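# Summary of the model geometry
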Amino acid sequence: MVLRYKDNGQIIEIVIHVLMSNKESFEAGIVYLILSKNPEEALKSLAEFFHVETPRLSVGMPKRHMKDAGCYVSIKKTIFVSNRDNLYNPFVILHEFYHHLRTHNAKHLGTEKYANRFAEKYIEAYKKTASSI
Ligand SMILES: [Zn+2]
């Protein structure tokens, strides 16, 4: 996958690159969607890919989590982010999606370490794409 940029750094085109694996281009595409301010689309695509329900997304943290950038509340199937900036932060969105994924596919929420690794893997795929232009 190749991303093309305007002079100001804005992404204007996204092209699938045949040399990249489908999985990597999927991961890079998810990060691209979040960065281009389409986090709902990214969550929809992730949910389809993992065969789970699409989580809801909400700005403003529940009281107990005021200090965090994001959190996932399983009974509400909702990812909460602290502000609009974090709505477009791939690390926060992917980290919380991992917790959503774990509540569906396992009895526990997964560890913070694995949630971080999940998010980092997607961001790495995106960086690889961006640096291959
Ligand atoms: Zn977490």
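Anyway, here's the lowdown on the structure attached to this text. Here the structure is a predicted model, which means the values were calculated and not measured. (Residues numbered from 1 in each chain as written. Predicted model: local features only at pLDDT ≥ 70, side-chain atom pairs only at ≥ 80, totals over all residues.)

All right, on to the environment of A28 then. Position of A28 relative to the elements: it lies in helix α1 (residues 22–35). Along the backbone, A28 and I123 are 95 residues apart, and their C-alpha atoms lie at a distance of 6.9 Å. (Helix = DSSP H or I, 4+ residues; strand = E, 2+ residues; numbered from the N terminus.)

For the rest of this paragraph, the subject is α1. Spacing of three or four residues puts side chains on the same side of an α-helix, whose turn is 3.6 residues. Between its first and last C-alpha atoms α1 spans 20 Å; for 14 residues at 1.5 Å apiece the expected length is 20 Å, and the two agree. Listed as buried for α1 are S25, E27, A28, G29, I30, V31, Y32, L33 and I34. Positioned one or two residues after α1, K37 has a phi angle of 65 degrees, which is positive. (Expected span 1.5 Å × (residues − 1). Buried ≥ 20, exposed ≤ 12 C-beta atoms within 10 Å, placed from the backbone.)

Moving on: the pairing of strand β4 (residues 70–73). Side chains G70 and Y72 project from β4 onto a buried face, and the interleaved C71 and V73 project onto a face without burial. Examined bridge by bridge, β4 and strand β5 (residues 78–81) share four bridges and lie antiparallel to one another. Residue pairing in the sheet places Y72 in a bridge with I79 of β5. Here β4 folds back onto β5 in antiparallel fashion, the turn holding four residues, of which K77 has a positive phi close to 50 degrees. (Pairing = 2+ DSSP bridges.)

In space, the three strands of this open sheet follow the order β3-β5-β4, with mixed pairing throughout. A strand with exactly one partner marks an edge of an open sheet, and here the two such strands are β3 (56–59) and β4. Across this sheet, the average inter-strand angle for adjacent strands is 20 degrees, counted without regard to direction. Inspection of the sheet shows β3 paired to β5 by four bridges, in the parallel sense. Counterpart to S58 in the pairing with β5 is F80. (Axes fitted to C-alpha atoms, helices over the stretch in contact; angles between N-to-C directions.)

Glancing now at unusual backbone geometry. Residue H51 is not a glycine yet carries a positive backbone phi of 55 degrees. When you line up the elements, H51 lands in the loop between α2 (39–50) and β3. Accessibility expressed as a C-beta count within 10 Å gives 8 for H51, which makes it exposed. Residues other than glycine seldom take positive phi values, yet K77 does so here, at roughly 50 degrees. Structurally, K77 is set in the loop between β4 and β5. K77 sits in the partly exposed class, given 15 other C-beta atoms within 10 Å.

With that settled, consider the nonpolar core. Judged by nonpolar contacts, the single largest core of 24 residues is most densely connected at I30, V31, A42, I93, F97 and Y122. Looking at this core, the elements that each hand over two or more residues are α1, α2, β5, α4 (90–105) and α5 (112–131). Once residues lying within four places of it in the same chain are set aside, the contact partners of V31 are P90, Y122, I123 and Y126. (Core = buried A, V, L, I, M, F, W, Y, C linked by C-beta atoms within 7 Å. Contact = placed C-beta atoms within 7 Å.)

Turning to the packing of α1 against α5, a few remarks are in order. Interhelical geometry of α1 versus α5 gives an angle of 95 degrees and a closest axis separation of 7 Å. Considering the angle they form, α1 stands roughly perpendicular to α5. Residues E24, E27, A28, I30, V31 and Y32 of α1 touch α5, and the partners they reach there are K121, Y122, I123, A125, Y126, K128 and T129. For the contact of α1 with α5, a count of residues per class yields eight nonpolar, one polar and four charged. (Parallel < 35°, antiparallel > 145°, perpendicular 65-115°, else oblique. Nonpolar A, V, L, I, M, F, W, Y, C, P; charged D, E, K, R; others polar.)

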